[in-house]
Amino acid sequence: MGFISSLKKAFSKPYTTVSVAEAKELLASGAALIDVRSAQEWRSGRAPQAKHLPLDGLQTSTAGINRNKPVIAVCASGVRSASAARLLASQGYQAYSLRGGMGAWRAAGEPVR
């Protein structure tokens with residue numbers, strides 16, 4: 001492997017960032033949605049199908065996440081979900097991060113409970 005190839009591999013994202021529309025398609029085909037925000041943020045409104053797994057807890061355990069299905073991480077704006085997706089991808093999950101987080105979810109008119 002050449003030097004440029006090594007650099008590309010070292011700096012490439014091991015996960016995919018998706019829009020709300022793309023996330024909805026993944027969810028319809030069986031993907032899981034995990035909300036990595038704090039408990040207080042979770043209580044302020046969440047996607048109905050989301051499972052709450054705060055980022056700090058996800059760093060120690062991925063229990064309850066099916067390794068055989070795609071996983072979409074969501075946070076408030078997309079920063080923490082990118083970290084979660086990177087972590088999940090490093091552990092063998094097919095991982096995605098929702099671009100824009102719950103702000104984008106709400107702006108797209110998706111349900112929040």
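Basis of the calculations
- Residues numbered from 1 in each chain as written.
- Predicted model: local features only at pLDDT ≥ 70, side-chain atom pairs only at ≥ 80, totals over all residues.
- Heavy atoms only, no water.
- Salt bridge = Lys/Arg side-chain N within 4 Å of Asp/Glu carboxyl O.
- Buried < 20%, exposed > 50% of the residue type's maximum accessible area, 1.4 Å probe, protein only.
- Helix = DSSP H or I, 4+ residues; strand = E, 2+ residues; numbered from the N terminus.
- Lys, Arg positive; Asp, Glu negative; His and termini not counted.
- Contact = heavy atoms within 4.5 Å.
- Pairing = 2+ DSSP bridges.
- Axes fitted to C-alpha atoms, helices over the stretch in contact; angles between N-to-C directions.

With reference to specific residues and values, describe the pattern of salt bridges.
All chains considered together, the criterion is met by three salt bridges. For Asp35, the salt bridge goes to Arg37, with nearest N and O atoms at 2.8 Å. For Asp35, a relative accessible area of 0% puts it in the buried group.

So, the side chain of Arg46: which residues are in play, and what are the values?
Checked against the element boundaries, Arg46 lands in the loop between α3 (39–43) and β3 (51–52). One buried charged residue, Arg46, remains without a salt bridge, the closest side chain of opposite sign being Asp35 at 7.1 Å. With residues up to four places along the chain from it excluded, the contact list for Arg46 reads Asp35, Arg37, Met102, Pro111, Val112 and Arg113.

Please set out the sheet that holds β3 residue by residue, giving values where relevant.
Sheet architecture is open: five strands sit in the order β1-β5-β4-β2-β3, paired in parallel fashion. Two strands in the sheet have a free side with no partner beyond their single neighbour: β1 (16–18) and β3. Across three bridges, strand β4 (residues 71–74) lies against strand β5 (residues 95–98) in parallel orientation. Counted as the bridge partner of Ile72 is Tyr96 from β5. Contacting β1, β2 (32–35), β4 and β5, helix α2 (residues 20–28) crosses the sheet at an angle of about 105° to β1. Docked against the sheet, helix α5 (residues 79–90) engages β2, β4 and β5, running at close to 180° with respect to β5.

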